[in-house]
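Observations on the three-dimensional arrangement
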Amino acid sequence: MLDHALDIPLEIGFHTPLILLILVLLEAVLSADNAVALASIAQGLEDPKLQRSALNFGLVAAYVLRIALIITATWVVQFWQFEVAGAAYLLWLVFNYFSSPEDEDHNRKGSQFSTLWQAIPIIAITDLAFSLDSVTTAIAVSDQTWLIIAGGTMGVIALRFLAGLFIRWLDEYTHLEDAGYITVGFVGIRLLLKALKPDFVPPEWVMIVAIAAVFIWGFSQRTEAKSSPQTEE
């Protein structure tokens, strides 16, 4: 199985770079909601240095899990239980976030961590749950596993960059974290439908338009800066 999975053709046709570009673009488009979720999880650590470390180590672990998923994808897709488990996990993340109490500024707080090693496995498992959908999409584009791995590798690198940006943006835009978790819910529902009612799964373009619309709302309002009290002279 591994021999066939990692078999790279000696002659690469002209269409190969185009397929790779498509795979990378798909990863980028489908990773925005993933990046917000991972950024929100990393924010469960107070120290910005620990947040960056959690993303770095968590995505290294996530990358290993992605490669394993890609190599075993033809076997995994035979079992709808994997998609149900992934959907249940993503929907649990959404429920956990929206059911969390609001602070004095009416902001919700998701999971909080006291150590780096509590956040790392959550980041890795969250990316794996998202990968169940993106890997299936990639397989529909190309049947060459090495190309999917190459696209996935670039996707993880882009995801680290996006998650780093979103950590900063989450503090700058009022609705962005809510928007991110709404789109996580979209992905969870889509995964659940794929497993239980495939005929009801919306087309990929519908998902992309819906996610784009929610993110436009997410970036629609900046957080008001707290004004420091003026001192009387």
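Let me sum up the structure you'll find in this document. Everything quoted here is computed from the prediction, not taken from an experiment.

1. Quick notes on the overall build of the chain
Within the chain, the regular secondary structure consists of 10 helices and zero strands. Counting from the amino terminus, the chain carries its helices and strands in the arrangement α-α-α-α-α-α-α-α-α-α. Of all 233 residues assigned to the chain, the portion counted as buried reaches 43%. Pairs at least 24 apart in sequence give 86% of the contacts found in the chain among residues at least 6 apart.

2. Observations concerning the nonpolar core
Generally speaking, nonpolar side chains in soluble globular proteins are found buried as a group. Of all hydrophobic cores here, the largest spans 52 residues; its most connected members are Leu 55, Leu 90, Phe 166 and Phe 215. Residue assignment for this core shows that the elements contributing at least two residues are helix H3 (32–42), helix H4 (48–71), helix H5 (73–76), helix H6 (80–98), helix H7 (116–141), helix H8 (145–172), helix H9 (176–196) and helix H10 (204–218). With nine residues, H7 is the single largest residue contributor to this core.

3. Points about the packing of H3 against H4
Two numbers describe how H3 lies on H4: the axes approach to 9 Å, and their chain directions differ by 130 degrees. Here H3 lies oblique to H4, going by the angle between them. By crossing handedness, the relation of H3 to H4 is classed as right-handed. On H4, the residues touching Asn 34, Leu 38 and Ala 42 of H3 are Gln 51, Leu 55, Leu 59 and Arg 66. A breakdown of the residues in the contact of H3 with H4 according to their chemical character gives four nonpolar, two polar and one charged.

Cut-offs and rules
- Residues numbered from 1 in each chain as written.
- Predicted model: local features only at pLDDT ≥ 70, side-chain atom pairs only at ≥ 80, totals over all residues.
- Heavy atoms only, no water.
- Helix = DSSP H or I, 4+ residues; strand = E, 2+ residues; numbered from the N terminus.
- Buried < 20%, exposed > 50% of the residue type's maximum accessible area, 1.4 Å probe, protein only.
- Contact = heavy atoms within 4.5 Å.
- Core = buried A, V, L, I, M, F, W, Y, C linked by side-chain atoms within 4.5 Å.
- Axes fitted to C-alpha atoms, helices over the stretch in contact; angles between N-to-C directions.
- Parallel < 35°, antiparallel > 145°, perpendicular 65-115°, else oblique.
- Left-handed = near helix turned anticlockwise from the far one by under 90°.
- Nonpolar A, V, L, I, M, F, W, Y, C, P; charged D, E, K, R; others polar.

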